[in-house]
Amino acid sequence: MWKKFFSTLRSYTTGERIVSIALAFVFLYSGTYLVFFAPSVTDSDTYYEGVVGYVSDLNPLFVDLNDVDRDISRLLFSGLTKYDPEKKMVVEDMATVKIDQTQKIYTFTLKEGLKWHDSEPVTADDVVFTFANVIQSPDFLNPVLKANFENVDIEKIDSKTVKFTLQKPLSFFLTNCTVGLLPAHIFKGLPVSEIQSSSLNQKPVGTGPYKIHDSYKIGLDEQGSLRLSRFEDYYGGTPALPYIVFQTYPSVQSLLDHADLLNGIVRLTGEEVDQFSLDRQKYSFTPYQLPQYTAVFFNMDRSNLKEKNVRLALEKAISKEDLLKLIPYRVAVDTPFLELKQEEWIYKPSMVQAQGALFGSGWKFPEKDDSTKISSLDLSTPVFRKNKKGETLQFELLAPQFPANLRKDLETEKTANFLRDAWQKIGIKIQVTRLPMQDFADRVQKRDYDLLLAGQSLGYNFDTYSFWHSTQSTDVGLNFSNYKSFPADALIEDVRVTFDSDRKTKSLQKLAKIIGDDIPAFFLFRDVYFYVSDKSVSELQLQNMAFPADRFANVVAWKKK
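(A) Representation of the overall build of the chain within the structure. Regarding its fold elements, the chain presents 18 helices and 20 strands. Over its C-alpha atoms the chain spans a radius of gyration of 27 Å, differing by no more than 12% from the 24 Å that the globule rule assigns to 561 residues. A principal-axis box enclosing the C-alpha atoms of the chain has dimensions of 90 × 75 × 45 Å. A burial count over the chain gives 50% of its 561 residues as buried. For the chain, the proportion of contacts with a sequence separation of at least 24, taken over those separated by at least 6, is 69%. Distance between charge centres in the chain, computed from 67 positive and 72 negative side chains, equals 2 Å.

Below, the structure written as structure tokens:
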């Protein structure tokens, strides 16, 4: 066959030869893909899950910014502790832990029989290497994770025991220890600054319930495939399901077009579920929410936003009910702790009260205009408020662009425009600026904005230190409002050091009230997501998740029907 092919090829012109060879390559590639990579949802030993995005970095110390990496890393790696959605708390995982009476010394003892995927034993050296040699290194490139272990003394006691000594009690320290361990015998000797970019991350060796079976491959259509196989020596018991395959897609539409080739799809919004065209009886659509919120952060270092009544007017002018009619499948929130307190005066929208707050602050419509007759619906020739100096009350609203996620991009555009229109109705001039993510991040880091439309995630606990403590209003902190309050700082610190749940709850309630009264931000909503499943796997649990990866908390028990 090949002899005849090349004989025929010689009779072609140069152009024809190039086209023929290209077509042959495409045909060969397509056939190879169908044989080796194309999913077959009827496989009884394999669960196919579809995600939007790409596998980027499967090192557990760098997965925070990529949900696909975080999901897969959860199956490949494990930590000293783990989050248990059923108990809604962090519990022991690879090690048992003892906390001394001062609540500053944590002694971890590794369990018996722990092995890496290459069958090497897990030892205290791996723990010390991960936390002391890498995370605490000046060259470590994840500032958030690095901050979690700042000023923590780490000491190897014996081959299975490591002691962590904190400068002061931290009730969230066990949460910090959920990070996956790195194998010292593989990474030792590699400069810390090169660990993130190392080729070792392409086929990582971990301790989780699954290991890499086939390396990640991307086809000409930008679809990718990564096959994991169960780790027979997993300390938590051998998984019942032999294989899990992640099929990655460049867009939601591409994923939906291939939904019939998948057993499960994660992180779909309500709007995307509405586009789902397959048999609704065959699939289940399980809604879930994460401890995340979208808010408008007021930069309290800007002169006109230092006035509380101006911030109050910005809050009172917005009807969340009307906003959520434009962007359904969201749930309104009023506080950074995801509560809804519409019964309280400060959270009830009122255009009249918003107008009054601005008037009382000296921001008035020009005298030639009768403000009581200005139509709140006529935005064709908006009239803006001025102070005694003749300065116009105006702000820039900064928001990100999401070119790879059209749904998210449209949601952000609708939200920003809704806010702009509502605020212009009460006489505030608003310029909406939307930037590509890198430019947006640069502006955020410099705190170069008046109003910021952004989201934050509370993770496994309500540790608001990074978001609202005064010390975090820096270029590396997440206090986007530059909010500084000694009473709030005291409560945030109390929440961190107390292990008493009742006392912690009371402190959080007081903190919510202080933040509500000070109005450093205006909290809008949290998203509702859906997990779509063809019902082929039993034991799938989606309750109380903090991150989508938490769906794998009981993956050992998953069975395909």
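(B) Just the pairing of strand β6 (residues 153–158), in detail. The pairing of β6 with strand β7 (residues 161–165) spans five bridges and is classified as antiparallel. Within β7, the residue paired with E155 across the bridge is K163. The hairpin turn running from β6 into β7, its antiparallel successor, is two residues long.

(C) The arrangement of the packing of helix α17 (residues 486–497) against helix α18 (residues 501–518) in detail. The interhelical angle for the contact between α17 and α18, taken along N-to-C directions, is 155°, at an axis separation of 9 Å. What the angle tells us is that α17 and α18 run roughly antiparallel. Every pair of crossing elements has a handedness; the one defined by α17 and α18 is left-handed. Residues P487, A488, L491, I492, D494 and V495 of α17 form the contact with α18, whose participating residues are R503, K504, S507, L508, K510, L511 and I514. Taken together, the residues of the contact of α17 with α18 break down into eight nonpolar, one polar and four charged.

(D) Region of interest: the environment of F337. Mapped onto the elements, F337 comes out in the loop between β14 (330–332) and α13 (351–360). Taking relative accessible area as the criterion, F337 reaches 9% and is therefore assigned buried. Separated by 177 residues in sequence, F337 and I514 place their C-alpha atoms 13 Å apart. Leaving out residues up to four positions away in the same chain, F337 has contacts with F462, T464, L508, L511 and A512.

(E) Representation of the confidence of the model for the chain in the model. Taken over all residues, the pLDDT of the chain has a mean of 89, while the share at 70 or more is 91%. Segment residues 1–37: pLDDT under 50, and 17 contacts once partners within four positions in sequence are set aside and those in other chains are kept. Between residues 370–379, whose pLDDT stays under 50, and residues either more than four places distant or in other chains, the model counts nine contacts.

(F) Fine view of the layout of surface pockets. Approximately 900 Å³ is the volume found for the second largest pocket. Taken together, 34 residues line the second largest pocket, and the ones lying closest to its centre are K88, M89, Y460, N461 and F462. At the level of elements, β3 (89–92), α6 (173–176), β12 (284–289) and α18 are the ones that each hand at least two residues to the lining of the second largest pocket. For the lining of the second largest pocket, the element with the most residues is α18, which contributes four residues.

(G) Quick peek at helix α4 (residues 124–135). When the terminal C-alpha atoms of α4 are compared, their 15 Å separation across twelve residues agrees well with the 16 Å that a helix rising 1.5 Å per residue should span. Counting buried residues along α4, nine of its twelve residues qualify, which places the element largely inside the surrounding structure. All of the buried residues in α4 are A124, D126, V127, V128, F129, T130, F131, V134 and I135.

(H) Structural context of the pairing of strand β8 (residues 210–218). Direction of pairing for β8 relative to strand β9 (residues 224–230): antiparallel, over a ladder of six bridges. When the bridges of β9 are listed, I212 appears paired with L228. If you look at the hairpin formed by β8 and β9, you'll find five residues sitting between the two strands, and E222 has a positive phi there, around 70°.

(I) Region of the structure containing the nonpolar core. L80, F131, F164, F173, Y293 and W468 are the most contacted members of the largest nonpolar core, which totals 68 residues. Per element, the largest residue contribution to this core is seven residues, and it comes from α4. W468 has contacts with Y293, F297, P336, N479, S481, Y483, D489, I492, I515, P520, A521 and F523, leaving out every residue within four places of it along the chain. Core analysis: the next-biggest nonpolar cluster, separate from the first, contains 37 residues, L305, L324, F418 and I519 among them.

(J) Quick look at the sheet that holds β7. As summarised here, the arrangement of the four strands in space is β4-β5-β7-β6, forming an open sheet in which the pairing is antiparallel. The open sheet has two edge strands with one neighbour each: β4 (95–99) and β6. On average, each strand axis in the sheet is tilted by 20° relative to the strand beside it, whichever way the strands run. Here strand β5 (residues 105–110) pairs with β7 via five bridges, running antiparallel. Its bridge partner being in β7, T109 is matched across the sheet by T161.

(K) Representation of the pattern of salt bridges. What the rule picks out here adds up to 30 salt bridges. Between R407 and E272 there is a salt bridge, with the nearest N and O atoms lying 3.7 Å from each other. Within this pair, whereas R407 is found in helix α14 (residues 406–425), its partner E272 is found in helix α10 (residues 270–274), the two being separated by 135 residues in sequence. R407 gets classed as buried once you look at its relative accessible area, which sits at 17%. With a relative accessible area of 3%, E272 lands in the buried category. Among the ionic pairs, D334 bridges to K320, the shortest N-O distance being 2.4 Å. Of this pair, D334 sits in the loop between β14 and α13 while K320 sits in helix α12 (residues 320–326), and the two are 14 residues apart along the sequence. Like K320, D334 is buried. One network of salt bridges, in which partners are shared, links E271, E272, R330, R407, K408, E411 and D527.

(L) Inspection of the environment of L262 at higher detail. As for its position among the elements, L262 is in the loop between α9 (252–257) and β11 (264–269). Spatially, the C-alpha atom of L262 lies 34 Å from that of L323, the residues being 61 residues apart in sequence. Setting aside residues no more than four positions away along its own chain, L262 makes contact with V41, Y48, E49, G50, Q247, Y249, L255, Y283 and D534.

Cut-offs applied
Residues numbered from 1 in each chain as written. Predicted model: local features only at pLDDT ≥ 70, side-chain atom pairs only at ≥ 80, totals over all residues. Heavy atoms only, no water. Helix = DSSP H or I, 4+ residues; strand = E, 2+ residues; numbered from the N terminus. Rg over C-alpha atoms; globule rule 2.2 N^0.38 Å. Buried < 20%, exposed > 50% of the residue type's maximum accessible area, 1.4 Å probe, protein only. Contact = heavy atoms within 4.5 Å. Lys, Arg positive; Asp, Glu negative; His and termini not counted. Charge placed at Lys NZ, Arg CZ, Asp CG, Glu CD. Pairing = 2+ DSSP bridges. Axes fitted to C-alpha atoms, helices over the stretch in contact; angles between N-to-C directions. Parallel < 35°, antiparallel > 145°, perpendicular 65-115°, else oblique. Left-handed = near helix turned anticlockwise from the far one by under 90°. Nonpolar A, V, L, I, M, F, W, Y, C, P; charged D, E, K, R; others polar. pLDDT = per-residue confidence, 0-100. 1 Å grid on protein atoms, 1.4 Å probe; cavity = no way out; pocket = protein on both sides within 12 Å on 5 of 7 lines; lining within 4 Å. Points joined across faces, edges and corners; volume = space filled by probe spheres on them. Expected span 1.5 Å × (residues − 1). Core = buried A, V, L, I, M, F, W, Y, C linked by side-chain atoms within 4.5 Å. Salt bridge = Lys/Arg side-chain N within 4 Å of Asp/Glu carboxyl O.

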